[in-house]
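# Structure at a glance
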Amino acid sequence: MRFFYKELGNYFADPLPEIEELAEVLTMHSSEVEEIIPHGEDDWEMEIKILPDRTADAKTPLGLAHEISALLPQLKLKEVWPLPDQTTARAQIIFTIKNINDLLGTDLSEKEITDLFNRVRVNVIKTGNTEENLTALVTPEREDLNIKEDLADEVARLLGYDKVPTHTLTADLAIRHNPDFILANKVRAKMATDGYTEIYGYTFTGQGEVTVAKPLAQDKAYLRTNLSEGMKKAVEFNLGYTLFDQNEVKLFEIGNVFVNGAEETVVATGYGCKKPELKVEITEKKLVDYEAELANTPSDLSQFINKNVSYKSVSSYPRIIRDVAVWVPEETAVETIVELIKKSAGNLCVEGPVLFDEFSKEGRKSLAFRLVFQSYEKTLSDNEANDQLAKVIASLEKQTGFEVRK
Amino acid sequence: MTECEKIGHLHPLTQIIWEATKIFEEMGFSVAQGPEVETEFHNFDALNVPANHPARAMQDTFWLKPQEKGLLLRTHMTAVSLRELAKKQLPLRVVSPGRVFRNEATDATHEAQFYQFDGLAIDKPGKITMADLKGTLERFYKQLFGQNIEMRFRASFFPFVEPGVEVDIKWGDKWLEVCGAGMLHPNVFKAAGINPDEWQGLAFGSTIDRLAMIKYGVEDIRQFYASDLRFLKQF
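Computed from a prediction, not measured in an experiment: that's the story for all the values here.

## With respect to the overall build of chain B
- Looking only at helices and strands, chain B has 8 helices and 9 strands in total.
- Taking 18 Å as the expected radius of gyration for a compact globule of 235 residues, we find that chain B reaches 18 Å, a close match to that expectation.
- Taken across its 235 residues, chain B has 66% of its residues classed as buried.
- Considering only contacts in chain B between residues 6 or more positions apart, those separated by 24 or more positions represent 64%.
- For chain B, the accessible surface area stands at approximately 8,200 Å², while carbon and sulfur atoms represent 48% of it.

## Some words on the pairing of strand E15 (residues 364-373) of chain A
Residue and element names in this part refer to chain A.
- Burial within E15 is extensive, with 9 of its 10 residues counted as buried.
- Relative to E15, strand E13 (residues 320-329) runs antiparallel, the two being bridged by 10 bridges. Bridging across to E15, Ile320 finds its partner in Phe373.
- Sheet topology note: the strand E14 (residues 349-361)/E15 ladder contains 9 bridges and is antiparallel. In the sheet register, Lys361 faces E15, and the bridge partner there is Arg364.

## Here's the deal with the sheet that holds strand E1 (residues 2-4) of chain A
Residue and element names in this part refer to chain A.
- Taken together, 3 strands build an open sheet; the order of strands is E1-E3-E2 and the sheet is antiparallel. Unpaired on one side and paired on the other, E1 and strand E2 (32-39) mark the two borders of the sheet. On average, adjacent strands in this sheet sit at an angle of 25 degrees to one another, irrespective of strand direction.

## Notes on the domain arrangement of chain A
- Partitioning chain A into structural domains gives domain 1 (2-71), domain 2 (91-163), domain 3 (179-302) and domain 4 (320-405).
- One C-alpha centre belongs to domain 2 of chain A, the other to domain 4 of chain A, and the line joining them spans 72 Å.

## Looking at the packing of helix H1 (residues 12-25) of chain B against helix H5 (residues 130-145) of chain B
All names here are of chain B.
- Look at H1 against H5: their axes get within 10 Å of each other, and the N-to-C directions meet at 135 degrees. What the angle tells us is that H1 and H5 run oblique. In this structure, H1 crosses over H5, and the sense of that crossing is right-handed. Residues Glu19, Ala20, Ile23 and Phe24 of H1 touch H5, and the partners they reach there are Thr136, Arg139, Phe140, Gln143 and Leu144.
- Here the residues of the contact of H1 with H5 sort into 5 nonpolar, 2 polar and 2 charged.

## Details of the confidence of the model for chain B
- Per-residue confidence for chain B gives a mean pLDDT of 94; residues scoring 70 or more make up 96%.
- Here the predicted complex scores 0.93 on pTM and 0.95 on ipTM.

## Details of the interface of chain A and chain B
- On the side of chain B, 92 residues touch chain A, which itself brings 95 residues to the contact.
- Both faces combined, the contact of chain A with chain B buries some 8,000 Å², and carbon together with sulfur accounts for 58% of it.
- Summed over the three residues of chain A that lose the most area to chain B, namely Leu169(A), Tyr200(A) and Tyr311(A), the buried surface amounts to 11% of that side.
- Counting across the chain A and chain B interface gives 4 salt bridges.
- Among the ionic pairs, Lys307(A) bridges to Glu19(B), the shortest N-O distance being 3.1 Å.
- On the surface where chain A and chain B come into contact, there are 37 residue pairs in polar contact (both at pLDDT 80 or more).
- Counting only elements with at least two residues in the side of chain A that touches chain B, the list comes to helix H2 (19-29), helix H5 (97-104), helix H7 (148-159), helix H8 (179-193), strand E7 (197-198), helix H9 (228-239), strand E10 (249-259) and E14 of chain A.

## A closer look at the pattern of salt bridges
- One pass over the structure, following the stated rule, counts 43 salt bridges over all chains.
- For the salt bridge of Lys279(A) with Glu281(A), the shortest nitrogen-to-oxygen distance reads 3.8 Å.
- A salt bridge links Lys87(B) to Glu84(B), with the nearest nitrogen and oxygen atoms 2.9 Å apart.
- Judged by its relative accessible area of 47%, Lys87(B) is partly exposed.
- Looking at Glu84(B), the relative accessible area reads 11%, which means it is buried.
- Residues joined by salt bridges that share partners form a network here, namely Arg54(A), Asp57(A), Glu67(A), Arg142(A), Asp144(A), Glu154(A) and Arg157(A).

## So, the sheet that holds strand E16 (residues 403-405) of chain A
Residues and elements named next belong to chain A.
- Within the open sheet, the 4 strands sit side by side as E14-E15-E13-E16. Their pairing is antiparallel. Looking at strand neighbours, the two that pair on one side only are E14 and E16, the edges of this open sheet. Neighbouring strand axes in the sheet, compared pairwise and without regard to direction, differ in orientation by 25 degrees on average.
- Sheet strands touched by helix H10 (residues 334-345): E13, E14 and E15. Its angle to E15, the strand with the most contacts, is close to 35 degrees.
- Against the sheet, helix H11 (residues 382-397) touches E13, E15 and E16, its axis set at about 10 degrees to E13.

## Section: unusual backbone geometry
- A cis amide bond links Gly352(A) with the next residue in sequence, Pro353(A), at an omega value of 5 degrees.
- Topologically, Pro353(A) is positioned in strand E14.
- Of note, the amide linkage connecting Lys65(B) to Pro66(B) takes the cis form, showing an omega dihedral of -10 degrees.
- Along the chain, the position of Pro66(B) falls in the loop between helix H3 (54-58) and strand E3 (71-73).
- Phi angles above zero are rare outside glycine, and Asn260(A) is one such case at about 55 degrees.

Scoring rules and cut-offs
Residues numbered from 1 in each chain as written. Chains lettered and ligands numbered in written order. Predicted model: local features only at pLDDT ≥ 70, side-chain atom pairs only at ≥ 80, totals over all residues. Heavy atoms only, no water. Helix = DSSP H or I, 4+ residues; strand = E, 2+ residues; numbered from the N terminus. Rg over C-alpha atoms; globule rule 2.2 N^0.38 Å. Buried < 20%, exposed > 50% of the residue type's maximum accessible area, 1.4 Å probe, protein only. Contact = heavy atoms within 4.5 Å. Areas by Shrake-Rupley, 256 points an atom, 1.4 Å probe, with all protein chains shown as cover. Pairing = 2+ DSSP bridges. Axes fitted to C-alpha atoms, helices over the stretch in contact; angles between N-to-C directions. Domains from an automatic or database assignment. Parallel < 35°, antiparallel > 145°, perpendicular 65-115°, else oblique. Left-handed = near helix turned anticlockwise from the far one by under 90°. Nonpolar A, V, L, I, M, F, W, Y, C, P; charged D, E, K, R; others polar. pLDDT = per-residue confidence, 0-100. Buried area = accessible area lost by both parts, 1.4 Å probe. Salt bridge = Lys/Arg side-chain N within 4 Å of Asp/Glu carboxyl O. Polar contact = N/O pair within 3.5 Å; in protein donor to acceptor, adjacent residues only side chain to side chain.

Put into structure tokens, the structure is as follows:
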């Protein structure tokens, strides 16, 4: 909904706060101001996402002016609306001060709570002859106030959530162990230990038993009946990006499939290699079938949690692989050479240098490294990769006793 | 000869789920799970979202054929919270991580499938309050993102809670929405067969993919489902 600052100001006898301050108050206590658009010299348009329960009263300029007057009670409206009584109230809600404090974890007095309610033109009267019971008389335009929890919502937001105390739960309730979650984590621990990396595939596929009524695309119109098909594609995809032909691809997935009229959690593994011959092997079995085998495997995943992630996005442009081999004095540390190459290779070098060959001869050793060049902005040309490689070679050859093998 | 990786990598979302469940376990929360194919009752009706409610249209649901059966892919993990509540083993504290689905066009920040966790803590009136919700979530976000992280509650609306709040954390100089939360609505207690005058509690739901994107700086949510080792090996 769009509201104009100046138009809202017309309902008030006092000037409104600055636009940013007004927007902040609305966002924190009422509905979010998503955008402020300047209009001429001294007016602004506010795009406000009026909460769904407040569309009945707060979506007109007059309604929003009433809301602003509740949030900023020091501002006087030109036309003051009276508090409802029992004959004019739209709804009557019986509540106690304890009800409100019990929900919010606050220790507010009857006066503090009544003052807040009066700001939104909710009147509070005693009910019958008990001390505790109060009745909230709700003004006709507030259709969203019907139960005592609605009243607690008004108290919390008008007070401000920063004024609600903070209290942390302690582990004073016994943990109920979840066998499926524990077993899945045992499988994860075993797979990671065996060198398998976890993938999350898509539930939607092009064929299956369960049909989606309005699919995003025809090849996503069914729920998967197995993990194997996705796993095979994932292994083949990743074989296309290995750095060396002798590298293996090892993946696993734990996921739900929809087959034989049931939903079931299954585990798939995928293995792929290119040498000595192209091979892709997939296994799939039910999660429960791992139970006996992994009875004594720990389910603790702490050692597989990486606390030092330094993430770099993956470029979607083609990569270019280059190798460089260099003779160095026998005592030279590999790390020294890796650092030299990294420095001179520049940002286009996205992977490597990876050492893949090493041998010694006549007091010198030969080291061979592989580098991957790739851009985030375009397809690199051979010349661009060669230019980077030339810089690497130049920096290596500057070192005493180094000789790049050509 | 070649650099050979002996240990495999767990998916980044698995890592966040593990960390989240550990943090909540320290506060007495058990882990719950449930089916991805849900009934209309568990996903909507019981959560105070009746058939004509605008929130139902907002949710962009994947309905399954034949539609008369009222089966769908769950749109939030609150459906699992309700299943746990309906077991009536009170007091209760559960956190439910899992895959959810929304029928919307995909782009760098939207996927048709993603992960959420939903939390629920139920006890006698006055025992678990809005103050506990603040404390519980603040502890969670500080442990996940670092002790210096600031968190704030804003007034908001979700059909299954009252009062309802939106939770923001400050990342750099920006406030980011990370969670919808509040005190569980009496109608949800009723749907689960529990008297809301005798019990009350807190509920919260957060998108795990979003937390991972913030924590690691991942720009495109689709990366989580691309099965690309160049991405996965960084975690």
